[in-house]
Structure formats: C-alpha cells, structure tokens
Amino acid sequence: MVSCMMRQSDEKHILGTASTEILLWSSRRDLIAVSNSSGEVFLRRLSWSKVWKLSKRGDGVKVTAIVWRPDSVILAVGYSSGHVVLVDVESGEVVHTFNPCEEPITALSWENCSTSVKEEADNFLLPELLPQPLKVNSSKLDAGSALDGDKGLKHEELLSILWIGLKNGLVYGFAFGLFPCCLLKLSEMSGGSDSIGPVRSVFPNGDHSQLCLLADVRAGSSEVLLMTVETPLITHCLKELYGLGFLYRQITGLMDCLISAQKALQEAWEDALVDLESKMVRYESNDGKSSLSVDLMELLMFGHAGIKLEKFLVTDLTDKGLKRIGQAVELSYSNMQKLLIKHIVCANYQLSHYLTQLCGLAKQEDRFSCLGLQVNSCLAAYRAAGSFTAKTAELQQVIDGSVKYLKTFFRWLYVTILRLSDEPIPPELATSTQQDVRFIANFLAKDFETDGQVRLDRIGQYLRNEPLTFVASSKTRPWDMLIEACPSIANLQDSDLFQPRAERSLAQEFAHLEHQVKASFEAIPSAVGQTASLPFITDLTLDCPSDSLDKIRITTRSINQPKDRCNLLGLTNSTTHSSGFYLFEFASEKERKNLTRAAFFSFGKCDHLPPGEYKIADLQFYNNEIMSVLLSIERSTNSIFVQLSLCLLREHLAPVVSRRGPFNSSFHSDVFVSSVLSQGNLRSVDVNTFIEASSFRVLNDFQATTLGLSSSRKVAAIFSSSKRKVRIFDMEVEEEEDVEDEDQDIEDVSDLSHDISKDGGNQKDISDVDMAVSP
C-alpha cells in the first residue's frame, strides 16, 4: 500500500485581482511555473520567491498551456492567440516566438527521444565554418551578445520534440522546439467523417513512435475522442531529423541576425540628404525654368553665381547647415559600412555555408526525400543567398562611391558659400586640383539628377522593399563585373548561377531569401504527417456541457521501463462535481502494441476517510507508482489529499477495442463492480477499497482546488478554491519527522517585507501571484 507522508513547509496568500490558473513544477529544478488569468507567467522557487515575470501578450490573451523542456532549461508557454513563446529559464528572456497557424494553443508536451543520435548525425554535417556573428543591438548600432540568442536552445544531446495541440484539431511537432517536423491533421486521419475540435492532451512515448491524444468532437456534444497515432517515420529517421533540426536552428538564427542588422542599417541611414534634396527641388520649382545642376555647372566652370543661386546658397543652405549635413551623412555612411561588413556579410556567408549543407543532404534522396526535403527548393534558397550577397556587395560599392562624390561636392559647395558670404576660407580648403573639378563636373552631369529630379541619396532606395529608382550601371555592379571578367561563367546553366536582379533593392532580395528558406523546409511537416496512422480511436462521453470540456482535469504519464512501456491518461468525468476518474493505459512495447486498457474509478463510502460525499478537485500522476487525487467534501471546508497505487489501479483495467460507439461509466457510487461489462461500457471500480489510513491526508479548513506535484523534488503545491492561498508540502518525509501540527498557518512577515522593498514599496507592482504573509 501507498503511504502519504507529507509535511506542510509554508503557506502564502496571493495579492492582486488575477487568479492562478496553471502551475507546473520542473522535474529537474526547484522551480515552478505559474500563470494567472491576466495572461502573465511567473517563475518561482521552492521557497515561492519570484525569479522572473513574463508579461502578458495583449488584452484578452490567455495562457492556455505550459510545458518544461525535458532538461528544464527552456519553458514553453502557449497562448490563446496561437503564439508559442520559448523562455530561457536562467534569464527570463524570450529566445524564440512562433505561431504555427494562428489557432489557439490547447495542449503542449515536450519529450526527449530515449536514444542519442547526435554522434551519428554529426557524421553527415560539416564542421563550423566560423564563430557565430554578433547580434546587433539596433537601438544603439553596436554589437550585442553573440548569436546565442538561442543559447538555451543549443547543446541538446537528445532529439527533443515539442508537440503542440491546436483548437482546430491539428497537432504540430517541433524538433528542439524550433524545427517544424510533423503535422497531424486528425480530421483527415479519422476518415473525414468527423470534424475533430480542440486537442486537449498530447503525450508521446519514449521514441516518439506513438502519440496518445485526447480531442473534442466538434459537433457540440460532450464527447471526446481518445486515439493513438503511430509515427514510424520519426523513429526511422531520428538521425536525419536531428541533422535537419540542427541546420534549421542555425539557419533561422542567422536569419534573425540579418533581420536585426537590417533594422540597424535602416536606423543608421541618415535622412539629412532627403531634407537637402527637398530644398533643391524647391529651388527648381520657383520659376520652373532654371535647373540647379546647370547653374551649379556654370558656377563651377566660370566661377560666377546668378542672383537666384547666390541667394539659395547663402540664405537657404548656409555654410553651417551644409557642414552639419555633411558630417551627419559621413557618420551615417560610415556606420552603414561597418554594419554591412561586420554583420550582414559575415552572417550571409555562414548562411550560405549551412544552405550548402542543406543542399547536400537533399541530394541524398534515399535518406531525406521521404522527409519532404527537395533538392530544387534547397538550391533556390542557396541561389537567393548568393543574390543577396551580390546585392550587398553592390550596396557597399554605392556607399563607397557616394561618400567619395558627396565629400568632394560638399567641400566645393562649402568653400563657394564662404566665398559668396565674404567669410575667411580655411587654408586646407582654399586649394582644389583639376582632378577635383573634373570629378565634381562629372557628378553634376551624370549623378546629380535622375529623370529631371535631384537625387543625392542613392542609399535609402536599397533599404525600401520596392524596386530601385536609380539602377546602378552594369559597369559598377560587382557581379556583372565578375561575369564580364570571366566569360566562362556565361557557359554555366542558369540553375548554377546566382541571379541578382539589377532593379531589386536589398530589402527585396532579403524578402526573396526569406521566402526561399521557408519554402525549403515547409514540405517536411506534411510529408512526415502523411505517413502517420491511426490504429486506435474511440469515443468517451463525459458528464459535462460541451462548452466546459476545457475545464476537465487531465493528467498524463509516460512509463519507459524495459518491461513496462506505456502511456497513462487520467481524466475526470465532469468539471465541478466529478465523483470519479477514467484511467487509460496505451501500451507501446512490441509485445502489447496497440493494446488499450481502461476503467472508471469512483469514490464511494470509505471507513478510513471522513464521512461525506467526495468530489474530485484535481488529480495528477506523482511518479510511475503513485497517482495523487485531491478530493473535496460536500458541505465541508476540509479537503483530502489521497495517494493511490498505480499498480493496484492498473490491475483492474480491462481491454478496450477501437471503435466509434460511445461508452460511458454506468455505475452506482457505493457499489463495487469488478466484471468486464459488455461492449459499449467500461469496467467500474470503487477506489475506496485501495485506501488505508496511511494513504491520505486531511487538509483542515482548506477547500483545495488545484494541485501541483514534483516527485523529483518531493514537493507539492495545493491552491485553495478561491485561488488566494497556497500551501507548500514536503513529500515522502520520514515518519518521525512528521510530528508538527501541519494545518496551522505559517507566518512569514519577512517574505512580504522583502517583496515590497524589492518592488520599491509600490503596492501596484506586487503581481497577482506575489505572496503576502499568512494572517
């Protein structure tokens, strides 16, 4: 029999208006993740001190699911908006955010594969080319941390898959929490006769060859579907998926680096030239006859300025204004050159390196074609990276040319304004060479105007997602110069060449690169999902309204022992007044493959428990041997925490066949029925026969409603029905230690004073789950 040896270690009161909704202990650390009704997520220690807070994503956006990565380095949070946020546990920083298909998240599960394939996967991957480039802090135009924004997502020896259940009946699998590697369309898999609704639970076995699912029937009834999905391709291609996941992680990280660098490039671009252009346009529009370029050319050649030009230069531009614009443009272009060379070029070279590997893997069709990896789409992504490289080189050339032209032009214009204003000319600017005059004349004749309009700025057009208004000459574009210098390149097939478009901007080339990179991976989830099968599916009718199915208590456990490999699912049969729970066992070892057993366990009268009518408030698997159940007592302020032996419970499970006829629990709460009923019913068992005096604990004056357990840390958190009080218990304590009165309130004034002083004494800053002292 199971003993329930537990000792209350703390009790806290919750301040604020938002109530606690989800709490989940880490299996590796003394940490618990807690979400509230406002959409905020808190990470707390065993002492209940706050580690960090994740702010809500928006008004009305709720946290619908939370799961820890198996090593407890990353916390995944699912939202009603469809977003999944991966948070680094150490720092509380968001390392990755994605939205699978704009549907609310309804279930999350994150499990490791039982075998390591890292060494085998490394055999077909190339070594690192260079250290990862620095990620740009776009607000300061300097380098931030190295491209380890996904540092918590690295260094995984085992292939882990984050499974995501959605409201529309889809299930996604993301390798390492990043790489979309599987898509299951449950409605299509079930034959299309039913439209499957929200997925309430997803739990895989040890090698991800089988998933057990619980989903609603979208017909508005109180029925749910229980099913197992076999994914043999994932098991067969673990090494290949590990390698693809690694490349996807590197490629997406480099794409993020390029995005941040381009934002910084946009911020570094100074629009001072645009203001200068607008002044020059107004000069030409005054009478519509004179041209500024012609007047400036006459001034350069003959040294004489007309009245209109002299007034424009001395009054509108002024020497100080021109000097300010020149300095701003020079600094701006210098920052842009640094960003291009240190960040964009470096990141794009590494991106090309990883895309080359991706092309190499795609050419191994015997291993990767079944996963949906296509050679043509990978080559298209690689060519897009090459075109982006060529456009980057073109922009560098344009910046260099613009700096040279504008520096000389501004210097001549500055001296001219000083001369017209009878101001002294600095000695270093007093002289100019014939080469300078020829250079300025060439600039005024060819580059000063485009289509009759003044165009001093040639850089801003490269940063806009639209075609270039001024296309550089083919004689100055690096890629065209290379082809002209090497005629043999022209003999290559078009598919082997980079194909930069002269009229495209840098932003357009990057958008094209993003599209091609996405296209090279987008066929993989469907290809893997199409190989999945549905060996078991059946209906279960629950005693609750159809719109309350999301409030059903569900708990899962995967057992991966040599002689006992199965998935367990426990769920209550109603939302608020459940008098029993279902227990399903889905076997996954070869000898019992696809064998499903189930029973309904009810709580009747028991000599050991206090008198009353018992209702289940919550239930969870504590470990592979124990199930914990939280009971409320009708018309009583007390609650009961019960530990049940899974071994005894599983002995009473009976086989269930795959079919589509509904079955339910037909029983009387005080009658023990041990025989297997006819098809269409489940075996009903009175669980009170398993309960002894040492297997439960009465919580006096505490109406409990939510349970959070961690067997590895031997701790339990139990919330009151009002969600305003939480009790922390140490589990598995020695019997001689359990001598205190554990139902008394624990005063902790220091915690409250510490929280308030930490928040600057501002009561408003104390969060909804920040804890105060117990009275």
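> Mind showing me how you'd approach the overall build of the protein chain here?
Assigned secondary structure in the protein chain consists of 17 helices and 35 strands. Counting over 775 residues, the protein chain shows a buried share of 53%. Across the protein chain, every contact between residues at least 6 apart in sequence was considered, and the portion connecting residues at least 24 apart equals 66%. Carbon and sulfur atoms make up 49% of the accessible area of the protein chain, which totals about 33400 Å².

> So what exactly am I meant to see when it comes to the sheet that holds strand β2 (residues 20-25) here?
Working definition: the strands of a sheet are paired by backbone hydrogen bonds and lie parallel or antiparallel to each other. One open sheet accounts for 4 strands, arranged β2-β3-β4-β5; its pairing is antiparallel. Lying at the two open borders of the sheet, with one neighbouring strand each, are β2 and β5 (50-54). Each neighbouring strand pair of the sheet contributes to a mean axis angle of 20 degrees, computed without reference to strand direction. Bridge count for strand β4 (residues 41-45) against β5 is 4 bridges, and the pairing is antiparallel. The residue of β5 that forms the bridge with R44 is K50.

> Would you explain helix α6 (residues 292-302) in this entry?
Helical geometry note: an α-helix holds 3.6 residues per turn, so side chains three or four residues apart project in the same direction. Here α6 has its buried residues at L292, S293, D295, L296, L299 and L300. Considered in projection along α6, the buried side chains sweep an arc of 165 degrees and stay on one side of the axis. Positive phi appears at G303, one or two residues downstream of α6, with a value of about 75 degrees.

> Just checking my understanding: could you explain the packing of aromatic side chains for this structure?
The relation between two aromatic rings is expressed through the spacing of the ring centres and the mutual angle of the planes. Scanning all chains against the criterion turns up 20 aromatic pairs. Between the aromatic rings of Y172 and F174, the centroid separation amounts to 6.0 Å while the plane-to-plane angle is 40 degrees, which identifies the pairing as tilted. By relative accessible area, Y172 is classed as buried at 12%. You can call F174 buried: its relative accessible area is 6%. On the basis of an interplanar angle of 40 degrees and a centroid distance of 5.3 Å, the ring pair of F179 and Y248 is categorised as tilted. Placement of the pair is F179 in strand β15 (residues 179-185) and Y248 in helix α4 (residues 238-268), with a sequence separation of 69 residues. By the burial criterion, F179 is buried, and Y248 matches it. Site record: aromatic cluster; members linked through ring pairs are F203, F536, Y582, F584, F586 and F600. R249 extends its terminal NZ or CZ atom over the ring of F176, reaching a point 4.6 Å from the ring centre.

> What is the right way to look at the nonpolar core in this model?
Across soluble globular proteins, you tend to see nonpolar side chains buried next to one another. Counting 133 residues, the largest nonpolar core has L162, I164 and F409 as the members making the most contacts within it. The dominant element in this core, judged by the number of residues it contributes, is helix α10 (residues 375-420), at 17 residues. Other than its neighbours up to four places away in sequence, L162 contacts V67, A76, V84, L86, F98, L108, S109, W110, Y172, G173, F174 and G177. Judged by nonpolar contacts, the second largest core, of 29 residues, contains C606, V629, I633 and L653.

> Even after reading the chapter, I still don't get the sheet that holds strand β8 (residues 84-88), so can you show me in this structure?
With respect to topology, 4 strands assemble into an open sheet ordered β6-β7-β8-β9, the strand pairing being antiparallel. Pairing within the sheet leaves two strands with one partner each, and these edge strands are β6 (63-68) and β9 (94-98). Taken over all neighbouring pairs, the strand axes of this sheet differ in orientation by 15 degrees on average, direction set aside. Note that strand β7 (residues 74-79) and β8 share 5 bridges and pair antiparallel. When the bridges of β8 are listed, L75 appears paired with V87.

> Explanation requested: the environment of S377 in the structure shown.
With respect to the secondary-structure elements, S377 resides in helix α10. Along the primary structure S377 and A362 are separated by 15 residues, whereas in three dimensions their C-alpha atoms are 9.3 Å apart. From its side chain, S377 meets the backbone oxygen of Q374 in a polar contact 3.0 Å long.

> Looking at this structure, I do not really get the pairing of β4. What am I missing?
As a general feature of sheets, a regular strand has side chains that alternate between the two faces. With 4 of 5 residues buried, β4 is to be regarded as a mostly interior element. Note: strand β3 (residues 31-36) against β4, 5 bridges, orientation antiparallel. Pairing of L31 across the sheet is with R45, part of β4. Where β3 folds back onto β4 in an antiparallel hairpin, the turn is made up of 4 residues, including G39, whose phi is positive at roughly 90 degrees. The antiparallel hairpin formed by β4 and β5 contains 4 residues in its connecting segment, where W48 sits at a positive phi of about 75 degrees.

> When you look at the confidence of the model for the protein chain in this model, what are you seeing that I'm missing?
Detail in the predicted coordinates should be disregarded across regions flagged by low pLDDT. Averaged over every residue, the pLDDT of the protein chain is 79; the share at 70 or more is 80%. When the criterion is pLDDT under 50, residues 661-680 qualifies, and its contacts beyond four places in sequence or with other chains add up to 48 contacts.

> Got a minute to help me understand unusual backbone geometry in this structure?
The phi angle of most residues is negative, glycine excepted, and most peptide bonds adopt the trans form. The phi dihedral of T318 falls on the positive side, at around 65 degrees, and the residue is not glycine. Here T318 lies in the loop between α7 (307-317) and α8 (319-362). T318 sits in the partly exposed class, given a relative accessible area of 26%. Positive phi, normally seen in glycine, also occurs at K714, with a value near 55 degrees. Along the chain, K714 falls in the loop between β32 (704-710) and β33 (715-720).

> For this particular structure, what's the right way to read the pairing of strand β10 (residues 105-112)?
Judged by how many residues are buried, β10 sits mostly within the fold: 6 of 8 residues are covered. By the bridge criterion, 7 bridges tie β10 to strand β13 (residues 160-166) in an arrangement that is antiparallel. Looking across to β13, one finds that W110 is bridged to L162.

> Would you mind showing me how to read the packing of α8 against helix α14 (residues 506-521) here?
A pair of packed helices is captured by two measures, namely the crossing angle of their axes and the spacing between those axes. The interhelical angle for the contact between α8 and α14, taken along N-to-C directions, is 25 degrees, at an axis separation of 13 Å. Considering the angle they form, α8 stands roughly parallel to α14. Remark: the crossing between α8 and α14 carries left-handed chirality. In this structure, α8 uses N348, L351, L355 and L358 to contact α14, whose residues at the interface are L513, V517, S520 and F521. Class assignment for the residues of the contact of α8 with α14 results in 6 nonpolar, 2 polar and no charged.

Rules used throughout
- Residues numbered from 1 in each chain as written.
- Predicted model: local features only at pLDDT ≥ 70, side-chain atom pairs only at ≥ 80, totals over all residues.
- Heavy atoms only, no water.
- Helix = DSSP H or I, 4+ residues; strand = E, 2+ residues; numbered from the N terminus.
- Buried < 20%, exposed > 50% of the residue type's maximum accessible area, 1.4 Å probe, protein only.
- Contact = heavy atoms within 4.5 Å.
- Areas by Shrake-Rupley, 256 points an atom, 1.4 Å probe, with all protein chains shown as cover.
- Pairing = 2+ DSSP bridges.
- Axes fitted to C-alpha atoms, helices over the stretch in contact; angles between N-to-C directions.
- Arc of directions from axis to C-beta.
- Phe/Tyr/Trp six-rings, centres within 6.5 Å; stacked < 30°, edge-to-face > 60°.
- Lys NZ or Arg CZ within 6 Å of the ring centre and 35° of its normal.
- Core = buried A, V, L, I, M, F, W, Y, C linked by side-chain atoms within 4.5 Å.
- Polar contact = N/O pair within 3.5 Å; in protein donor to acceptor, adjacent residues only side chain to side chain.
- pLDDT = per-residue confidence, 0-100.
- Parallel < 35°, antiparallel > 145°, perpendicular 65-115°, else oblique.
- Left-handed = near helix turned anticlockwise from the far one by under 90°.
- Nonpolar A, V, L, I, M, F, W, Y, C, P; charged D, E, K, R; others polar.

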